[in-house]
Amino acid sequence: MSNTKEIKNRINSVKNTQKITNAMYLISSTKMRKAKEELDRTRPYFYMQEHEIRRIFQTEIDVTSPYFYPKTGRKTAETYAYLIITADKGLAGAYNHNVLKMAEEEMEKHKKVKLYVVGEYGRRYFTKRKVHIEQSFLYTAQNPNFTRAREISSILLDEYDNKRVDEIRIIYSDMENELQSTVKMIRLLPFDRKDFWTKKEDRNERDIHYEFYPSVDEVLNRVIKGYVAGCIYGALVDSFSAEQNARMTAMNSANQNAEDLLSDLQLEYNRVRQWAITQEITEVAAGAKGQMRKRKKEALES
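A brief report on the enclosed structure follows. Just so it is clear, the structure is predicted and the values come from calculations on it, not from any experiment. (Residues numbered from 1 in each chain as written. Predicted model: local features only at pLDDT ≥ 70, side-chain atom pairs only at ≥ 80, totals over all residues. Heavy atoms only, no water.)

**Here's the deal with unusual backbone geometry**
Omega for the peptide link from Leu-189 to Pro-190 comes to -10 degrees, which places this bond in the cis form. The phi dihedral of Lys-130 falls on the positive side, at around 60 degrees, and the residue is not glycine. Residue placement: Lys-130 occurs in the loop between helix H3 (120-128) and strand E3 (135-137). (Helix = DSSP H or I, 4+ residues; strand = E, 2+ residues; numbered from the N terminus.)

Right, dumping it as structure tokens:
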């Protein structure tokens, strides 16, 4: 049985750990709120870009663009590019594990794959398993911003424009609500024309004539590049928010476990302390009884 000093030291150690997990919980909450606020401020811009693409398709029938599947149907892609978004560190439950599990499952389905990774955790994971990484974005995943999204989209678009890849996909975590996050895989390029079919509320614009300069195809291609960067930025922020939410959940569970452990340790401490007090009382009583017997014996002998 441990003595009171050992139990007290362990209680202090658990309390110190609990301070760290509680601080990480609060930090993750603040980071997630700021990231979502930043995304909400930029979201209207990307919605407007999507609206412009819809308007082009509703006014111009014969639109050709390498960023869309042809009207005749989809072609089977040969080379796939995967953008994997992970965290820089662990302590976030199954967040990283779920993303990497889906990435490995999807990559096994294709013979030709190019891998692009965001996040130190993903880089170390694939490097350790000797999986070739085509491009590793070395900046942190903890600060998603549109500038970095543009850099990523520029590299991926260059690969796509030069026909080194036929299809680009993103695998990331999306926070559905405060209690649940799911891993998603979206096809970034090429787009499907059905994704930009006219909404009911926009159909009244069909009769409006627009002029495009220098050409409708050139305008569409320029808009698409900004839209692709917006999709990547949205994925980065969603993934970052899901990471912080997963870390909040993990730290909250750690705090609860610490409370349970402290309760058990305090109960054990009280039990050991009571046992020590009882033993001291027993020893004092036994000593007093022995002294009384000794005095009685001395009195009889005298």
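Additional details are given in the paragraphs that follow.
**Concerning the pairing of strand E1 (residues 79-85)**
When a strand is regular, its side chains alternate between the sheet's two faces. Within E1, seven of the seven residues are buried, which leaves it mostly tucked inside the rest of the structure. Alternating residues of E1 divide into Thr-79, Ala-81, Leu-83 and Ile-85 and Tyr-80, Tyr-82 and Ile-84, and every residue in both groups is buried. Relative to strand E2 (residues 112-118), E1 is paired through seven bridges, and the arrangement is parallel. Of the residues in E2, the one forming a bridge with Ala-81 is Lys-114. (Buried < 20%, exposed > 50% of the residue type's maximum accessible area, 1.4 Å probe, protein only. Pairing = 2+ DSSP bridges.)

**Concerning the nonpolar core**
A general feature of soluble globular proteins is that nonpolar side chains tend to end up buried together. Ranked by size, the top nonpolar core spans 37 residues in total, and within it Leu-83, Leu-189 and Ile-232 carry the most contacts. Mapped onto this core, the elements with two or more residues apiece are helix H1 (4-59), E1, E2, helix H4 (146-161), strand E4 (167-175), strand E5 (181-189) and helix H5 (216-301). Top element by residues in this core is H5. It accounts for 13 residues. Those residues in contact with Leu-83 that sit more than four places away from it in its chain are Tyr-116, Val-118, Phe-137, Ile-152, Leu-156, Arg-169, Ile-170, Ile-171 and Ile-232. If you look at the next biggest cluster of nonpolar residues, it comprises 14 residues, including Ala-77, Ile-84, Val-99 and Ile-133. (Core = buried A, V, L, I, M, F, W, Y, C linked by side-chain atoms within 4.5 Å. Contact = heavy atoms within 4.5 Å.)

**Observations concerning the pattern of salt bridges**
Under the counting rule described, the total for this entry stands at eight salt bridges. As a salt-bridge pair, Glu-106 and Arg-169 come within 3.6 Å of each other at their nearest N and O atoms. Of this pair, Glu-106 sits in helix H2 (residues 95-107) while Arg-169 is found in strand E4, placing the two residues 63 residues apart along the sequence. Between Arg-164 and Glu-159 there is a salt bridge, with its nearest N and O atoms 2.9 Å apart. Several salt bridges share partner residues, and in doing so they unite Glu-106, Lys-109, Glu-167 and Arg-169 into one network. (Salt bridge = Lys/Arg side-chain N within 4 Å of Asp/Glu carboxyl O.)

**Let's talk about H3**
Of the residues making up H3, those classed as buried are Gly-122, Arg-123, Tyr-125 and Phe-126. Buried residues of H3, seen end-on, are gathered within an arc of 165 degrees and therefore sit on one face of the element. Summarising the geometry of H3, the exposed residues directed more than 90 degrees from the buried face are Arg-124, Thr-127 and Lys-128. Looking at the buried positions of H3, the neighbouring elements they touch are E1, H2, E2 and E3. Positive phi appears at Lys-130, one or two residues downstream of H3, with a value of about 60 degrees. (Arc of directions from axis to C-beta.)

**Structural notes on the packing of aromatic side chains**
Per the stated rule, a full pass over the model turns up two aromatic pairs. Here the aromatic rings of Tyr-125 and Phe-126 are separated by 5.4 Å at their centres, their planes lie at 90 degrees, and the arrangement is edge-to-face. The exposure classification of Tyr-125 matches that of Phe-126, with both residues buried. Residues Phe-191 and Tyr-227 carry aromatic rings whose centres are separated by 5.6 Å and whose planes lie at 55 degrees to one another, so their mutual orientation is tilted. Here Tyr-227 lies in helix H5 and Phe-191 lies in the loop between E5 and H5, a separation of 36 residues in the sequence. (Phe/Tyr/Trp six-rings, centres within 6.5 Å; stacked < 30°, edge-to-face > 60°.)

**Considerations on the packing of H4 against H5**
Contact pair H4 / H5: the axes reach a minimum separation of 8 Å and the direction vectors enclose 120 degrees. Judged by the inter-axis angle, H4 sits oblique to H5. The interaxial crossing formed by H4 with H5 has right-handed handedness. Here Phe-146, Ala-149, Arg-150, Ile-152, Ser-153, Leu-156 and Leu-157 of H4 lie close against H5, whose contacting residues are Lys-225, Val-228, Ala-229, Gly-230, Ile-232, Tyr-233 and Leu-236. Split by residue class, the contact of H4 with H5 holds 10 nonpolar, two polar and two charged. (Axes fitted to C-alpha atoms, helices over the stretch in contact; angles between N-to-C directions. Parallel < 35°, antiparallel > 145°, perpendicular 65-115°, else oblique. Left-handed = near helix turned anticlockwise from the far one by under 90°. Nonpolar A, V, L, I, M, F, W, Y, C, P; charged D, E, K, R; others polar.)

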